[in-house]
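Report on the structure
Chain by chain, the residues:
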Amino acid sequence: MIRHGIRSLKQVAPSIRAMSSQANLTSLNADNEGIAVLTLQRPPVNSLNLDLLQEISKSLDEVSKNKFRALILTSASPTVFSAGLDIMEMYKPDMKRAELFWTTLQEVWLKLFESSYITAAAINGHAPAGGCLLATSCEYRAMVSGKFTIGLNETALGIVAPTWFMGSFCNTVPSRQAEIALTTGKMFTVDEALKVGLIDDVATDKEDAINKCKGFIKKFDRIPPLARAVTKQKFRANTTQWLKDNRKADVAEFLGFLNNPKIQQSLEMYIQSLKQKAK
Amino acid sequence: MIRHGIRSLKQVAPSIRAMSSQANLTSLNADNEGIAVLTLQRPPVNSLNLDLLQEISKSLDEVSKNKFRALILTSASPTVFSAGLDIMEMYKPDMKRAELFWTTLQEVWLKLFESSYITAAAINGHAPAGGCLLATSCEYRAMVSGKFTIGLNETALGIVAPTWFMGSFCNTVPSRQAEIALTTGKMFTVDEALKVGLIDDVATDKEDAINKCKGFIKKFDRIPPLARAVTKQKFRANTTQWLKDNRKADVAEFLGFLNNPKIQQSLEMYIQSLKQKAK
Amino acid sequence: MIRHGIRSLKQVAPSIRAMSSQANLTSLNADNEGIAVLTLQRPPVNSLNLDLLQEISKSLDEVSKNKFRALILTSASPTVFSAGLDIMEMYKPDMKRAELFWTTLQEVWLKLFESSYITAAAINGHAPAGGCLLATSCEYRAMVSGKFTIGLNETALGIVAPTWFMGSFCNTVPSRQAEIALTTGKMFTVDEALKVGLIDDVATDKEDAINKCKGFIKKFDRIPPLARAVTKQKFRANTTQWLKDNRKADVAEFLGFLNNPKIQQSLEMYIQSLKQKAK
């Protein structure tokens, strides 16, 4: 196991065909090097409703099925990566749909956080709450500089980031900074995010962010993919184990939260404020 | 869940009356903004004996009962925040009292570490061992500059910080630095503590430390308190779970340690050295 | 528990005789202060085969039996600390020997990682994979500057660092940096290793590295050894518990991996490349 041997293990690239598929709310495009780009395109702000989550989930399956070596996650919006969970799935919800909504979110996170393929986020806009969750589920983050912010700001809305949101965040941000950020609902500027390790690089624009993601993916050119995948999954097992052990309880907690009149009142106030702003 | 919505959730402050209560060894004063200051005042060095711990425990209950939004912990001594556990509770102890002593300490820590209200420590003097435990149980620490030191220095006295002391410390200090500090019994200067994250800010004096604590508390002005509290408790659940699962074993370990002749001998040597110094 | 008492607990050094023992593949030398130096000397690169691991295991027992207060681990090679696991124990293995090989490695790690005595590594050469494991099992690392590198580069060889290798690494390196290093199979230069905390100090040569180790050991001169040992073991319990709970499954995973034709093929390619290089 001497390091000088590394060069001898040149990776044979499997033959991969470029492909492109277009769904309603996402598009998936893979180049001939096996790097797929999944673009979220649910205007105006890529709010994660059930339909968008289901499309993301299917796209992740397609990446696996096609044995793409890497996935880059980005947004079609010029200002928002993803605004997080769609509040309309939580306000006066149909409980059956709400349950499906939450289990789909769990699935998307598990697929992304434990993926065998390499994952990177080209964060080309704001990434609050669920948007930050998607970004921290990847293995690398390049964020476009500007006035964009990123963070788990759930408390600011009167709600609570689940344990696995926290686990995903803490896989990246040191514990001390994570606790303050989560309790204060902190949204990090790009510079702050870089300093604390919440993002890995700053990009000038979306294209540059995607190129930086490709640079990260290139680091694995000589690394056998199976060893890489198992290493990632073992490393992240502590974080995923909690959800695997508590999926039903986690759904029950979410549904209980939706049944709480105070929460519904907070959501109503919030929706009113959005309408006010829209005028 | 877009960030622009944060401003709309302006927090309605519940009507809170200022209050002041004075016990033997502590005083509790709350202003009309719901910020309580708990002052330890057991001369000369706020050693945590059973009586002081019981008063702290009652004060924490009072903070909860009165729905104060925040607690600032500080000391009446000009040089010592708290010298830690009172060695006289451990030297040739009555075992029934020793058991009550330890369970009270467990309770104080759980109440403080998992409190719903905001907690901050204005560390206006030395904070070794149990003094450091109290400080790290809070969510924020401002320490007065000068020759004061802080740390879990149990090994230097021949004893061992329990697992939950370590958990409290590691919630704040990175693992690598924590291991060296705990095994060497390191007492950090104010500058060292700031650098490693054991404290968050340096203050010029006690008043400034309390003001800095109030500045931290102010960060939560717009954060709904329930979401904040549950987020904190979820974040800290890993650390508290151990004690909840092992309370009896933890008491038994402490009592076993008191029954160890070598430990009693160390404590006797230590007490002699204190008497020598007092002359 | 006031800090001023520390000085009173001057440690009475037990009477220790200097000793020296020489086995085939290691030598163990203790000075009259109870500091033992274990030198790995299996040319050319201290590959950890069954015989070397068994000798290390016996040496660790001897350190315990003789109640030495500290162990410094170093290498007789001028360029390699240890090249890691001997690939010949894994290529077309006798399965009974392979099982003994792996359980011996588990034992060595547990003995070293949980030792009562103080441990330090004087890393005087490359320390990839298993070499890095030995180094991170110690409590302190001084590495000789130069072109040497250190890291868990298993993925680069198409294999996977077990959970406890990762735990040992993460006891030292922050989570974010650890994940990238482990998945990319990163070998750190001395400067990079220092920056990320993978090593604690840079030394000019082997002698200087050993002196720096002695400087670290000196920090414990006034710390009662039992309190120190129990504190270390409690602190590391999270990391060791996994292996204690999963020893058989961990062996089974290793043997299953040896039975995988793809792995055998990777190993064969690697051995060919080494032979090529040797010419």
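Parameters and conventions
- Residues numbered from 1 in each chain as written.
- Chains lettered and ligands numbered in written order.
- Predicted model: local features only at pLDDT ≥ 70, side-chain atom pairs only at ≥ 80, totals over all residues.
- Heavy atoms only, no water.
- Helix = DSSP H or I, 4+ residues; strand = E, 2+ residues; numbered from the N terminus.
- Rg over C-alpha atoms; globule rule 2.2 N^0.38 Å.
- Buried < 20%, exposed > 50% of the residue type's maximum accessible area, 1.4 Å probe, protein only.
- Contact = heavy atoms within 4.5 Å.
- Areas by Shrake-Rupley, 256 points an atom, 1.4 Å probe, with all protein chains shown as cover.
- Lys, Arg positive; Asp, Glu negative; His and termini not counted.
- Charge placed at Lys NZ, Arg CZ, Asp CG, Glu CD.
- Least-squares fit on C-alpha atoms with pLDDT ≥ 70 in both.
- Phe/Tyr/Trp six-rings, centres within 6.5 Å; stacked < 30°, edge-to-face > 60°.
- Buried area = accessible area lost by both parts, 1.4 Å probe.
- Salt bridge = Lys/Arg side-chain N within 4 Å of Asp/Glu carboxyl O.
- Nonpolar A, V, L, I, M, F, W, Y, C, P; charged D, E, K, R; others polar.
- Pairing = 2+ DSSP bridges.
- Axes fitted to C-alpha atoms, helices over the stretch in contact; angles between N-to-C directions.
- Expected span 1.5 Å × (residues − 1).
- Polar contact = N/O pair within 3.5 Å; in protein donor to acceptor, adjacent residues only side chain to side chain.
- Parallel < 35°, antiparallel > 145°, perpendicular 65-115°, else oblique.
- Left-handed = near helix turned anticlockwise from the far one by under 90°.
- pLDDT = per-residue confidence, 0-100.
- Core = buried A, V, L, I, M, F, W, Y, C linked by side-chain atoms within 4.5 Å.

Let us look at the overall build of chain A. When helices and strands are counted, chain A shows 10 helices and 10 strands. Compactness check: chain A gives a C-alpha radius of gyration of 19 Å against a globular reference of 19 Å for 279 residues, within 12% of the reference. Counting only C-alpha atoms, chain A reaches 65 × 40 × 40 Å along its principal axes. Counting only residues that meet the buried cut, chain A has 59% of its 279 residues in that class. Long-range pairs, those at least 24 residues apart, make up 73% of the contacts in chain A between residues at least 6 apart in sequence. Carbon and sulfur atoms make up 53% of the accessible area of chain A, which totals about 11,500 Å². Across chain A, the mean location of the 35 positive side-chain charges is 4 Å away from that of the 27 negative side-chain charges.

Now for the relation of the copies chain B and chain C. After a rotation of 120 degrees and a shift along the axis of 0.0 Å, chain B superposes on chain C with an RMSD of 0.0 Å. Taken together, the rotation angle and the small translation identify this as a three-fold axis. The C-alpha atom lying nearest the rotation axis in chain B is that of Pro174 of chain B; the distance is 4.4 Å. An asymmetric contact is evident, with only 3% of the interface residues of chain B recurring at the interface of chain C.

With that out of the way, let us pick up the relation of the copies chain B and chain A. With an RMSD of 0.0 Å, the fit of chain B onto chain A corresponds to turning through 120 degrees and sliding 0.0 Å along the axis. Here only 3% of the interface residues in chain B have copies in chain A that are interface residues too; the copies meet through unlike faces.

Moving on, we come to the packing of aromatic side chains. Taken as a whole and judged by the stated rule, the model has 33 aromatic pairs over all chains. With a centroid separation of 4.0 Å and 15 degrees between ring planes, the pair formed by Trp102 of chain B and Phe254 of chain B is classed as stacked. Of this pair, Trp102 of chain B sits in helix H2 (residues 95–113) while Phe254 of chain B sits in helix H10 (residues 247–258), and the two are 152 residues apart along the sequence. When sorted by exposure, Trp102 of chain B lands in the same class as Phe254 of chain B, which is buried. Arranged with centres 5.3 Å apart and planes meeting at 50 degrees, the rings of Trp109 of chain C and Trp164 of chain C form a pair that is tilted.

Attention shifts here to the interface of chain B and chain A. Listed as interface residues are 30 residues of chain B and, on the opposing side, 34 residues of chain A. Here chain B packs against chain A, burying approximately 3,000 Å² in sum over the two surfaces, 66% of which is carbon and sulfur. Run the count over chain B and chain A and you get three salt bridges. Here Glu179 of chain A ties to Arg236 of chain B by a salt bridge, and the two come within 2.8 Å at their closest N and O atoms. Its residues placed into classes, the side of chain B that touches chain A shows 13 nonpolar, seven polar and 10 charged.

Moving on, we get to the sheet that holds strand E10 (residues 201–203) of chain B. Residue and element names in this part refer to chain B. Taking strand neighbours across the sheet as the criterion, the seven strands line up as E1-E2-E3-E4-E5-E7-E10 in an open arrangement whose pairing is mixed. Each end of this open sheet is capped by a strand with a single partner; those strands are strand E1 (19–22) and E10. Direction aside, neighbouring strands of the sheet carry axes that sit 20 degrees apart on average. Where strand E3 (residues 35–40) meets strand E4 (residues 70–75), six bridges bridge the pair, whose relative direction is parallel. Bridged to Leu40 within E4 is Ser75.

Okay, helix H2 (residues 95–113) of chain C next. Think of an α-helix as 3.6 residues a turn; residues three or four steps apart then line up on the same face. Residues and elements named next belong to chain C. A rise of 1.5 Å per residue sets the reference length of H2, with its 19 residues, at 27 Å; its end C-alpha atoms lie 27 Å apart and thus fit the reference within 8%. Taken as a whole, H2 has its buried residues at Ala98, Phe101, Trp102, Thr104, Leu105, Gln106, Val108, Trp109, Leu110, Leu112 and Phe113. The opening residue of H2 is Asp94, an N-cap whose side-chain oxygen sits 3.2 Å from the backbone nitrogen of Lys96.

Moving on, we get to the interface of chain B and chain C. When the parts come together, some accessible area is lost, and that loss is often what is quoted as the size of the interface. Contacts between the two partners involve 34 residues from chain B and, on the opposite side, 30 residues from chain C. Together chain B and chain C conceal approximately 3,000 Å² of surface at their shared face, both sides included; 67% is due to carbon and sulfur atoms. Considering only the side of chain B, the residues that lose the most area to chain C are Arg176, Glu179 and Thr183 of chain B, jointly responsible for 22% of the buried surface there. The tally of links between chain B and chain C comes to three salt bridges. When residues of the side of chain B that touches chain C are traced back to their parent elements, those giving at least two are helix H4 (163–170), helix H5 (175–184) and helix H11 (261–278) of chain B. Of the residues forming the side of chain B that touches chain C, the biggest block, eight residues, is contributed by H5 of chain B. Classifying every residue of the side of chain B that touches chain C gives 19 nonpolar, 11 polar and four charged.

Residue and element names in this part refer to chain C. Between H2 and helix H9 (residues 247–258), whose axes approach to 10 Å, the crossing angle comes to 135 degrees. By the criterion of interaxial angle, the relationship of H2 to H9 is oblique. For H2 against H9, the interelement crossing comes out right-handed. Residue-level contacts link Met95, Ala98, Glu99, Phe101, Trp102, Thr103, Gln106, Glu107 and Leu110 of H2 to Arg247, Asp250, Val251, Phe254, Leu255 and Leu258 of H9. When grouped by side-chain class, the residues that make up the contact of H2 with H9 number nine nonpolar, two polar and four charged.

This part covers the sheet that holds strand E4 (residues 70–75) of chain A. All names here are of chain A. Taken in spatial order, the seven strands make up an open sheet running E1-E2-E3-E4-E5-E7-E10, and their pairing is mixed. Each of the sheet's edge strands pairs with one partner strand only, and the pair in question is strand E1 (19–22) and strand E10 (201–203). Within this sheet the neighbouring strands show an average axis-to-axis angle of 20 degrees, counted without direction. With three bridges connecting them, strand E5 (residues 118–123) and strand E7 (residues 141–144) associate as parallel partners. Across the sheet, residue Ala122 finds its bridge partner in E7, namely Ala142. On top of the sheet, helix H3 (residues 130–137) reaches strand E3 (35–40), E4, E5 and E7; it is set at about 140 degrees to E5, its chief contact.

Residue and element names in this part refer to chain A. Mean pLDDT over chain A: 92, with 94% of residues reaching 70 or higher. Per-residue pLDDT stays below 50 along residues 1–14; that stretch engages in 40 contacts with residues further than four places along the chain or on separate chains. Scored as a complex, the prediction yields pTM 0.92 and ipTM 0.91.

All right, on to the packing of H4 of chain B against helix H8 (residues 225–245) of chain C then. Across the interface, H4 of chain B lies against H8 of chain C with an axial gap of 10 Å and an inter-helix angle of 65 degrees. By crossing handedness, the relation of H4 of chain B to H8 of chain C is classed as right-handed. Here Thr163, Met166 and Cys170 of chain B of H4 of chain B come into contact with H8 of chain C, specifically with Thr231, Lys234 and Phe235 of chain C. Residue composition of the contact of H4 of chain B with H8 of chain C, by class: three nonpolar, two polar and one charged.

Our next topic: the side chain of Glu55 of chain A. Residues and elements named next belong to chain A. Inspection of the secondary structure assignment puts Glu55 in helix H1 (residues 50–65). Nearest to the buried, unbridged Glu55 among oppositely charged side chains is Lys58, at 7.2 Å. Look past the residues within four positions of Glu55 in its chain and what remains in contact with it is Ala23, Asn24, Leu25 and Thr26.

All names here are of chain C. Counting 92 residues, the largest nonpolar core has Leu71, Trp102, Ile123, Ile150, Phe169, Leu198 and Phe254 as its most contacted members. Of all the elements, H2 adds the most residues to this core, at nine residues. Residues in contact with Ile123, not counting those within four places in the same chain, are Phe81, Ala135, Arg141, Ala142, Met143, Val144, Ile150 and Ile199.

Look at any regular strand and the pattern is simple: side chains alternate between the two faces of the sheet. Residues and elements named next belong to chain B. Counting buried positions over the five residues of strand E2 (residues 26–30) gives four, a clear majority of the element. Sheet topology note: the E1/E2 ladder contains four bridges and is antiparallel. Bridge pairing links Ser21 to Leu28 in E2. Two successive antiparallel strands, E1 and E2, enclose a turn made up of three residues. Linking two consecutive strands that pair antiparallel, namely E2 and E3, is a turn of four residues; a positive phi of about 85 degrees is found at Gly34 within it.

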